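# Notes for the structure review
Each chain is listed here by its residues.
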Amino acid sequence: PSATDIRLVAKKLTVSTRVSNELLADAAAVGDWVIAEFATAIGEKLDQAAVNGDGTSTYGGVNGIAAKLLLSAGSYHQADTDHDTFEELVVADFLGCVAKLPTYVTSPRWYISSYGFAQSMQRLDLGAGGRVSFENGTGFQFLGYPVTISNVMAKSGDQSNNVMAMLGDASLAGMYGIRSAFQTKISTERYVEYDQTLYLGLARAEMVWHSTGSATEAGPLVALVGH
């Protein structure tokens, strides 16, 4: 075997807002609510970068998995002609991904948006007399594989040449590192002239998709691409 260095260069993500001191005095829970919203915002931004990043500053220079899989023909299956929306996908489109998945991926799962899941997987399963449900408390399944919902992935509309779903093991395809966990800072001085308190949330993290296959061989993640 041979090894390759994977370099993670931490990117800083920040989010901030100003809150009137009157509001903080009258509703003490506002501060906790702001911090919870910050954590949600930063988490969503990291997810967006991991999936849809195009290498620009908008995504902190991160190249997301969707773009990388589209550059590796061996790692995607294109749906049948005119199957470019979730409402048009058929079982054979998904089976094309199953057929391409390497045998060394021993714990594969589907990755798809909630819209895509409802309009394709759930529709197909229920239409065939099956059931999409939480089997034994393990979550949704389709074609025998567990389903992970990711709402930063493709949703409604024309998805020609876009990644609509993925099958495989993301932990084998990429690496995610947190240099500084999510934290908050509060300043009562920054906007003292407005009698406002500044809330700042920040985190330092990075993600690299290092194994996405090639033009002829599939990697540990296989994408279903609209046609």
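Residues numbered from 1 in each chain as written. Predicted model: local features only at pLDDT ≥ 70, side-chain atom pairs only at ≥ 80, totals over all residues. Heavy atoms only, no water.

## Here's the deal with the packing of aromatic side chains
What counts, and what does not: A pair of Phe, Tyr and Trp rings is counted when the ring centres sit within 6.5 Å of each other, with Trp represented by its six-membered ring. The angle between the planes then sorts it: under 30 degrees is stacked, over 60 is edge-to-face, the rest tilted. Exposed residues in this analysis have more than 50% of their type's maximum accessible area, buried residues have under 20%, and partly exposed residues fall in between, with area computed by a 1.4 Å probe over protein chains only. In this analysis the charged atom, NZ for Lys or CZ for Arg, is taken to sit over a ring once it is within 6 Å of the ring centre and within 35 degrees of the ring normal.
Scanning the model with the defined rule gives seven aromatic pairs in all. Ring centres of Tyr191 and Tyr194 lie 6.3 Å apart, and the angle between their planes is 45°; this geometry places the pair in the tilted category. Owing to a relative accessible area of 15%, Tyr191 belongs among the buried residues under this scheme. Ring pairing ties together the aromatic residues Phe94, Trp110, Phe142 and Tyr145, which thus form one cluster. The positively charged end of Arg18 is found above the aromatic ring belonging to Tyr191, 3.9 Å away from the centroid. One cation-aromatic arrangement involves Lys45 over Tyr59; the distance from NZ or CZ to the ring centre is 5.7 Å.

## Quick notes on the sheet that holds strand β2 (residues 76–78)
This is how the line gets drawn: Note on pairing: DSSP must find at least two bridges between two strands before they are called paired. Helix and strand assignments follow DSSP, with helices taken as H or I runs no shorter than four residues and strands as E runs no shorter than two, numbered in order from the N terminus. We call two residues in contact whenever any of their non-hydrogen atoms come within 4.5 Å of each other. In this description, a line fitted to the C-alpha atoms serves as the axis of each element, helices being fitted only across the stretch in contact, and the angle between N-to-C directions of two axes falls anywhere from 0 to 180 degrees.
Here we have six strands laid out as an open sheet, ordered β2-β9-β6-β3-β5-β4, and mixed in their pairing. At either margin of the open sheet sits one strand with a lone partner, and together these are β2 and β4 (141–142). As paired elements, β2 and strand β9 (residues 221–225) share three bridges and run parallel to each other. From the neighbouring strand, Tyr76 faces β9, where its bridge partner is Ala223. Docked against the sheet, helix α4 (residues 91–100) engages β2, β3 (109–112), β4, β5 (145–149), β6 (163–168) and β9, running at close to 155° with respect to β9. In this fold helix α5 (residues 114–127) packs onto β3, β4 and β5, with an angle of close to 125° to the strand it touches most, β3.

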